[in-house]
Amino acid sequence: MANTLEQLLNYSKQYGFVFQGSELYGGLANSWDYGPLGVELKNNLKAAWWKAFVTHNPYNTGIDSGIILHSETWIASGHVKGFQDPLMDCKECKTRHRADKLIELHSKGKVDADGWSHEKMREYIEINKVKCPVCGNFNYTDIRNFNLMFKTHQGVLEDDKNLVYLRPETAQGIFLDFKNVLRTSRKKIPFGIGQIGKSFRNEITPGNFIFRTREFEQMELEFFCKPGTELKWFDYWRSFAIDFLKTLGLSADNLKLYDHPQEKLSFYSNATTDILYRYPWGFDELWGIASRTDYDLKQHQEHSKENLEYLDPETSEKYLPFVIEPSLGVERLLLAILNDALVEEVVEQTNESRTLLKIDKRLAPYKVAVLPLVKKYHQEKTESVFENVLKRHVAVYDDTGNIGRRYRRQDAIGTPYCVTIDNQTTEDDTVTVRDRDTMEQVRVPIGELNQYLQSKLDL
Ligand code: ATP
């Protein structure tokens, strides 16, 4: 049975994946912290992306740029003028709404008002008497644009000259460093630059747990290619992205592609596809892939007055490369992975039900749990086995409660292997290794344990 959002939220809180942000002070709305298991899962997701898109990819390389960039960046990129959503307040209960989302909600997803003019949205809301979903009244302010970038000041003076923004995407840092990477990496077109990092958007209506927040992490690739080849590369990265999601274990049934129709494309894009995932509330955007032409480099060239053209070493042609951008949110991926992997399963042998996080071994927060069968008798030996396992594997020690309960806990957090120290260990230096999925147990000599786990985990 599918998970509800509430089940995912409760599960995440119960096991220490995600906590309410600033809970000690009553919580900061729509902000989340990642606990001991959440941070491991996040790191594993980022490592898997980095490996596939950067270090183990023949085309690409990576950078880590600043979160705060020169303010001109956002004028050039169009964010200062155009990165805004249509905001409308309910005059009765003062709730702030995103007008396009309100229409989408009212039409149960049948009407997509993204990109509509304010007049068109106003008209729809009036004709259809779209009431405030919070208080049920119909009394709104006018629709006005609200820029989503967080502003702050750099240095001691809070004047306009020192105005800076927290980046709303990691992509622009890549464009700013395009020339530096080209010069130092010896890359030739086609090649890409990947980056993982925090982004900030002052979303009008954050929500759905970690799906839409004001602070989040992105994994973005800007892939530079020769004009005229961009649609071929667009298809390439689209397939690559879908394959990547499948290798992480997401079920194909829960993935769907949405190709933006021509008339909905941003003015600089000649192809855009969203990879949608079936979240508990329905299909929604997980990953955006856009062919952005030479828009960004051209804008930065114009605003910086620096030539950003590429000189083809073979043909001596000079051109501004076109760009394909696959852009993925870490938290949206994490939510999809948890939703796909979390199942309630009936154990045939005992007819009991168990909570199981059937997560890909690479992503499991802990790879191994090391457990004494009975704390009183086996603790000392277990501690020495644990120390040894830790040399090679991400492992956890647990001696609280009976062994059955401890196995269940490890199943629930997705730990692929449980190593148990029992009476026989003291006699022949072997331990049992229990497999999360099959629950089968085998005896392994302690001297061969790390190697055995290594071969099973195949990381
Ligand atoms: P949406 O339409 O859902 O607001 P978007 O089209 O504005 O998303 P992009 O600008 O394409 O999103 O950002 C690329 C990716 O970054 C998204 O596909 C998503 O995975 C992630 N992302 C964007 N905004 C948020 C957010 N507020 N919270 C969490 N992740 C986000």
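Whatever comes next refers back to the structure up there.
Sequence order as written defines the numbering, with residues in each chain counted from 1. Given that the model is predicted, a residue must reach a pLDDT of at least 70 before its local features are reported, and side-chain atom pairs must reach 80 or more before they are shown or counted; all residues, however, enter totals for whole chains, interfaces and linings. The side-chain quantities take in all heavy atoms of the structure and omit both hydrogens and water.

A. Representation of helix 12 (residues 375–390). Strands here mean DSSP runs of E at least two residues long; helices mean DSSP runs of H or I at least four residues long; both are numbered from the N terminus. Take the residue count of a helix, subtract one, and multiply by 1.5 Å to get its expected span. Its 16 residues give helix 12 an end-to-end C-alpha distance of only 19 Å, which falls more than 12% under 22 Å, the value for a rise of 1.5 Å per residue. Its axis deflected by about 35° at Lys381, helix 12 carries its strongest bend there. Buried, partly exposed and exposed residues are distinguished by accessible area as a fraction of the type maximum, computed with a 1.4 Å probe on protein chains only: under 20%, between the cut-offs, and over 50%, respectively. When we look at burial in helix 12, the residues that qualify are His378, Thr382, Val385, Phe386 and Val389. Contacts are assigned to residue pairs that have any heavy atoms within 4.5 Å of one another. Those residues of helix 12 that are buried are in contact with strand 19 (368–372), strand 20 (395–397), strand 21 (417–421), helix 14 (423–428) and helix 15 (449–457). Here the bend at a residue is taken as the angle between two axes, fitted respectively to the seven residues that end there and the seven that start there.

B. A look at the site of the ligand. The rule for a residue being near a molecule or strand is that one of its heavy atoms must lie within 4 Å of it. Close contacts around the ligand come from 15 residues, with Glu203, Arg212, Thr213, Glu285 and Leu286 the closest. Here an oxygen atom of the ligand sits 2.6 Å away from a polar atom, N or O, in the side chain of Arg212. Each polar contact in these results corresponds to two N or O atoms within 3.5 Å; when the atoms are within protein, one needs to be able to donate a hydrogen and the other to accept it, and residues that are neighboring in sequence are counted only if both atoms are side-chain atoms. Side-chain polar atom of Gln218 to an oxygen atom of the ligand: 3.2 Å apart, as the coordinates give it. The Shrake-Rupley method, run with a 1.4 Å probe sphere, supplies the accessible areas, and residue values consider only the shown protein chains as cover. Look at the ligand: alone it shows 590 Å² of surface, and the protein chains cover 82% of it. Those elements that place two or more of their residues in the shell around the ligand are strand 10 (215–225), strand 13 (282–291) and strand 16 (322–329). When residues are sorted by character, Ala, Val, Leu, Ile, Met, Phe, Trp, Tyr, Cys and Pro go into the nonpolar class, Asp, Glu, Lys and Arg into the charged class, and all the rest, Gly among them, into the polar class. Tallied by class, the residues present in the shell around the ligand amount to 5 nonpolar, 5 polar and 5 charged.

C. Representation of the sheet that holds strand 6 (residues 144–147) in the model. Taking strand neighbours across the sheet as the criterion, the 3 strands line up as 5-4-6 in an open arrangement whose pairing is antiparallel. Only two strands of the sheet have a single partner each, and these edge strands are strand 5 (96–98) and strand 6. Taken pair by pair, the neighbouring strands of this sheet meet at an average axis angle of 50°, ignoring direction. Note: two strands are recorded as paired if DSSP finds a minimum of 2 bridges between them. Both strand 4 (residues 84–89) and strand 6 contribute to a ladder of 4 bridges, which runs antiparallel. Looking across to strand 6, one finds that Pro86 is bridged to Asn145. Working convention: axes come from line fits to C-alpha atoms, limited for helices to the stretch in contact. Angles between N-to-C directions cover 0 to 180 degrees.

D. Summary view of the side chain of His300. Residue position: His300 is located in helix 10 (residues 295–304). Judged by relative accessible area, His300 falls into the buried class, the value being 7%.

E. Up close: the pattern of salt bridges. Whenever a carboxyl oxygen of Asp or Glu lies within 4 Å of a side-chain nitrogen of Lys or Arg, that contact is scored as a salt bridge. Per the counting criterion, the structure on display carries 27 salt bridges. The salt bridge partner of Asp399 is Lys375, with a shortest N-O separation of 3.9 Å. Of the two residues, Asp399 is situated in the loop between strand 20 and helix 13 (403–413) and Lys375 in helix 12; the sequence distance between them amounts to 24 residues. In this structure, the salt-bridge partner of Asp411 is Arg408, at a minimum N-O distance of 3.6 Å. Taken together, the residues Asp411 and Arg408, both in helix 13 and 3 residues apart, mark about one turn of the helix.

F. Representation of the environment of Glu352 in the model. Considering the arrangement of structural elements, one finds Glu352 in the loop between strand 17 (342–346) and strand 18 (353–357). A residue is classified by how much of its surface remains accessible, and Glu352, at 42% relative accessible area, is partly exposed. Aside from chain neighbours lying at most four places away, what touches Glu352 is Glu345, Val346, Val347 and Arg408.

G. How the structure looks around the packing of helix 1 (residues 5–15) against helix 11 (residues 330–341). For the pair helix 1 and helix 11, interaxial distance at closest approach is 11 Å and the crossing angle is 100°. One way to sum up the angle between helix 1 and helix 11 is to call them roughly perpendicular. Here Leu8, Tyr11 and Ser12 of helix 1 lie close against helix 11, whose contacting residues are Leu335, Leu338 and Asn339. In terms of residue class, the contact of helix 1 with helix 11 is made up of 4 nonpolar, 2 polar and no charged. Working rule for angles: under 35 degrees goes down as roughly parallel, over 145 as roughly antiparallel, 65 to 115 as roughly perpendicular, anything else as oblique.

H. Structural detail: the nonpolar core. Each nonpolar core is a collection of buried residues, namely Ala, Val, Leu, Ile, Met, Phe, Trp, Tyr and Cys, held together in the definition by side-chain atoms within 4.5 Å. Counting 64 residues, the largest nonpolar core has Phe17, Trp49, Leu245, Leu250, Leu286, Trp287 and Leu333 as the members making the most contacts within it. The leading source of residues in this core is helix 11, at 8 residues. Ignoring any residue separated from it by four or fewer positions in sequence, one finds Trp49 in contact with Val54, Gly194, Gln195, Ile196, Met219, Glu220, Leu221, Phe244, Trp287 and Leu328. Of all hydrophobic cores here, the second largest spans 17 residues; its members include Ile63, Phe175, Phe224 and Leu320.

I. Spotlight on the packing of aromatic side chains. Within 6.5 Å between ring centres, the rings of Phe, Tyr and Trp (the latter by its six-membered ring) count as paired, and their orientation is classed by plane angle as stacked under 30 degrees, edge-to-face over 60, tilted in between. Per the counting criterion, the structure on display carries 34 aromatic pairs. Among the aromatic residues, ring-to-ring pairing joins Trp49, Trp50, Phe53, Tyr59, Phe223, Trp233, Tyr236, Trp237, Phe240, Phe244 and Trp287 into one connected group. Over the ring of Phe211 we find Arg332, and its NZ or CZ is 3.7 Å from the ring centre. Above the face of the Tyr407 ring, Arg434 is positioned so that its terminal group lies 4.5 Å from the ring centre. Here, a charge over a ring is recorded when the distance from Lys NZ or Arg CZ to the ring centre is within 6 Å and its angle to the ring normal is within 35 degrees.

J. Region of the structure containing unusual backbone geometry. The omega angle of the peptide bond from Ile189 to Pro190 is 5°, so this bond is cis rather than trans. Topologically, Pro190 is positioned in the loop between helix 8 (178–185) and strand 9 (191–200). Even without a glycine there, the phi angle at Lys94 is positive, about 70°. Structurally, Lys94 is set in the loop between strand 4 and strand 5. Taking relative accessible area as the criterion, Lys94 reaches 63% and is therefore assigned exposed.

K. Quick look at the environment of Gln20. Assignment of secondary structure puts Gln20 in strand 1 (residues 18–20). Residues Gln20 and Tyr165 lie 145 residues apart in sequence; the distance between their C-alpha atoms is 26 Å. Those residues in contact with Gln20 that lie beyond four places of it in its chain are Lys13, Gly27, Leu28, Ser31, Trp32 and Asp33. At 3.1 Å, the side chain of Gln20 forms a polar contact with the backbone oxygen of Leu28.

L. Structural detail: the sheet that holds strand 11 (residues 255–259). One open sheet holds the 7 strands; their spatial order is 3-9-10-16-13-12-11, and the pairing between them is mixed. Two strands in the sheet have a free side with no partner beyond their single neighbour: strand 3 (60–62) and strand 11. Across the sheet, the mean angle separating the axes of adjacent strands is 25° when strand polarity is ignored. Relative to strand 10, strand 9 runs antiparallel, the two being bridged by 10 bridges. From the neighbouring strand, Ile193 faces strand 10, where its bridge partner is Glu222. With respect to the sheet, helix 8 is in contact with strand 3, strand 9 and strand 10, its orientation differing from that of strand 9 by roughly 135°.

That's the geometry; what it means functionally is another story.
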